[in-house]
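# Examination of the molecular architecture
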2 protein chains.
Amino acid sequence: MFLKKKYSFKISMIGAGNVASLLAPELESAGHIITEVYSRHAKNAQALCEKLYEAEVNYNLDFSSSTSSIFILAVPDDRIREVVQQLNLPADSILLHTSGSMPMESLYGLNHIALGVFYPLQTFTKNKEVNFQEIPFLIEASDASTLKTIKILAEGISKNVQEMNSEQRAILHIAAVLSCNFTNHLIRLAEILTESNQIDFELLKPLIAETMGKSLNLGPQKAQTGPAARRDMETVHRHIVFLKKKDKNLAKLYELISNSIMEDYS
Amino acid sequence: MFLKKKYSFKISMIGAGNVASLLAPELESAGHIITEVYSRHAKNAQALCEKLYEAEVNYNLDFSSSTSSIFILAVPDDRIREVVQQLNLPADSILLHTSGSMPMESLYGLNHIALGVFYPLQTFTKNKEVNFQEIPFLIEASDASTLKTIKILAEGISKNVQEMNSEQRAILHIAAVLSCNFTNHLIRLAEILTESNQIDFELLKPLIAETMGKSLNLGPQKAQTGPAARRDMETVHRHIVFLKKKDKNLAKLYELISNSIMEDYS
């Protein structure tokens, strides 16, 4: 507690969505003060303020009289530029975004403001607690002193903080899309396929859980099984013929991933 | 133990791979007797026999003098037909296969033999213990009395036994390929992408674990996040442009799955 007090920053949250809603209370627990919350939808900002000690709603993007030294932008990627254009910040403050995909340069346009990235590599859902200590934070800054500040901020809530430039972070984000959003969607496609054929999707859950456990523990290459990996062309072909009758795009997807697996195990 | 004794079957295992190696000891624990093990590679059969009480190696597919009443075929799908053609079984015995993908009809060709399917929906690795109680067994039989026998056999080791015909089982198997083999391969592609760009793949593991937990608990549709689900076309497009420069097939895969996600959330 003593050490944390030593680095107590005043912070404003710009955005009150999933990321901001979990990050702001966590930063407070680490000894920082959230002074203001802005959201395009004032009632979201209000709801977040109610979970915080001293924060007040900022009804617009003019923060020129804010006492904060750090401004954390947690809005959807495609709104970052628009918000930055309207922002008014006190001189010599730090502006951070929390996006994996957007380069630090997307924050350009403000004078006398240090820039940085504060990207938690995790999926957030409002009201679902996460253990921040285990979340990797990828950080970047426009100068060494700002990097030091962001590092203190990140290390106060996570034990896994790494500096990473915008290009590598963008690649990491693509890898996250492949290994998370896309895997989840393949599970969704399995759900659609089973349910539309009067098969209980629940049957697959123990297998999915075991497969994911193996993938993370043994590594995905050692964990691979199935018709494509063992080059059982008869089964691969039978599956494609079956899917073509039901859903041409799914058949194409099946073929493409099977080919990619066969290439990897050749 | 008393109840299990009541239904003690003599069983021969044809095959000594991953499935047979875990299934045979489990059936023994449930009170059955494994009499013989056959494998194309006799030393695999020998290794499995060493883990069992009374089993002996059968060096060929002639089981005509066997005392077993149940013969479990646990060989790769594309070897089933070839093995069946060479099999010699005692009259009035039961022949089962353990495949998700192959129809029961793939066992046709033997006279006075009842047929059935005994499909454990799980991924097996030799020497890695699994909890059979949680594994769904999908069963099918050529007649009612055989179905009853297979049901007793399955319920002795699993609490989740369901009758399912060959067509539905084949669809379930495709769904398993999508949600397990393919998800694992997407994690592999993420591993390749990060490592070939000097990014630590380990960074993604907490996110993958959280995503899978959400997918299984909330269901994959509610759990979906990411650029395609929120129709962030700018990010989707930027990712495709990036991947096209690295790997055209991966770019195509990214586009196909993103389109499929967008369709699902439209």
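Note: the structure precedes this text.
Keep in mind that this is a model prediction, so the values were computed, not measured.

For the rest of this paragraph, the subject is the pattern of salt bridges. Considering all chains together, one arrives at 20 salt bridges over all chains under this definition. A salt bridge links Lys 205 of chain A to Glu 202 of chain A; its shortest N-O distance comes to 3.1 Å. Its salt-bridge partner being Asp 232 of chain A, residue Arg 230 of chain A comes within 3.7 Å of it at the nearest N-O pair. Taking the relative accessible area as the measure of exposure, Arg 230 of chain A reaches 43% and is therefore partly exposed. It is possible to trace a salt-bridge network through shared partners that takes in Asp 77 of chain A together with Arg 230 and Asp 232 of chain B.

Below, the discussion takes up the environment of Pro 90 of chain B. Residue and element names in this part refer to chain B. Of note, Pro 90 is situated in the loop between helix H4 (80-86) and strand S5 (94-97). Once the C-alpha coordinates of Pro 90 and Glu 26 are considered, the two residues, 64 residues apart in sequence, prove to be 24 Å apart. Once you skip the residues sitting within four places of it in the chain, Pro 90 turns out to touch Phe 63, Ser 64, Ser 66, Ser 68, Phe 71 and Ile 113.

As a further point, take the relation of the copies chain B and chain A. After a rotation of 180 degrees and a shift along the axis of 0.0 Å, chain B superposes on chain A with an RMSD of 0.1 Å. Such a combination of rotation and displacement between the chain copies is what one expects of a two-fold axis. Residue Thr 183 of chain B of chain B places its C-alpha closer to the rotation axis than any other residue of that unit, at 2.3 Å. Counting the interface residues of chain B, we find that 100% of their copies in chain A are interface residues as well, pointing to one common contact surface.

Our focus in this paragraph is helix H2 (residues 18-29) of chain A. Residues and elements named next belong to chain A. Over its 12 residues, H2 runs 18 Å from end to end, which matches the ideal 16 Å to within 8%, given 1.5 Å per residue. Residues of H2 that are buried include every one of Ala 20, Ser 21, Leu 22, Leu 23, Ala 24, Leu 27 and Glu 28, and no others. Gly 31 sits one or two residues past H2 and shows a positive phi near 105 degrees.

Attention now moves to the sheet that holds strand S3 (residues 56-57) of chain B. Residue and element names in this part refer to chain B. Taken in spatial order, the 8 strands of this open sheet run S3-S2-S1-S4-S5-S6-S7-S8, and their pairing is mixed. Among the strands making up the open sheet, the edge pair consists of S3 and strand S8 (161-163). Bridge count for strand S7 (residues 137-141) against S8 is 3 bridges, and the pairing is parallel. The partner of Leu 138 across the bridge, within S8, is Gln 162. Where helix H6 (residues 166-195) meets the sheet, it contacts S5, strand S6 (114-120) and S7, and its direction lies at approximately 155 degrees from that of S7.

This part covers the interface of chain B and chain A. Contacts between the two partners involve 88 residues from chain B, matched on the other side by 88 residues from chain A. Buried surface at the junction of chain B and chain A, summed over both partners, amounts to about 8400 Å²; 67% is from carbon and sulfur atoms. For chain B, the biggest contributors to the area lost against chain A are Phe 182, Leu 203 and Leu 216 of chain B; these three give 8% of the whole. The residue Glu 234 of chain B makes a salt bridge to Arg 81 of chain A at a minimum N-O spacing of 3.4 Å. In this assembly, chain B and chain A are joined by 28 residue pairs in polar contact (both at pLDDT 80 or more). Contributing elements (two or more residues each) for the side of chain B that touches chain A: H6, helix H7 (205-218), helix H8 (220-223), helix H9 (233-246) and helix H10 (248-264) of chain B. Per-element tally for the side of chain B that touches chain A: the top contributor is H6 of chain B, with 25 residues. Grouping the constituent residues of the side of chain B that touches chain A by class yields 43 nonpolar, 27 polar and 18 charged.

Quick notes on the rules
- Residues numbered from 1 in each chain as written.
- Chains lettered and ligands numbered in written order.
- Predicted model: local features only at pLDDT ≥ 70, side-chain atom pairs only at ≥ 80, totals over all residues.
- Heavy atoms only, no water.
- Salt bridge = Lys/Arg side-chain N within 4 Å of Asp/Glu carboxyl O.
- Buried < 20%, exposed > 50% of the residue type's maximum accessible area, 1.4 Å probe, protein only.
- Helix = DSSP H or I, 4+ residues; strand = E, 2+ residues; numbered from the N terminus.
- Contact = heavy atoms within 4.5 Å.
- Least-squares fit on C-alpha atoms with pLDDT ≥ 70 in both.
- Expected span 1.5 Å × (residues − 1).
- Pairing = 2+ DSSP bridges.
- Axes fitted to C-alpha atoms, helices over the stretch in contact; angles between N-to-C directions.
- Buried area = accessible area lost by both parts, 1.4 Å probe.
- Polar contact = N/O pair within 3.5 Å; in protein donor to acceptor, adjacent residues only side chain to side chain.
- Nonpolar A, V, L, I, M, F, W, Y, C, P; charged D, E, K, R; others polar.

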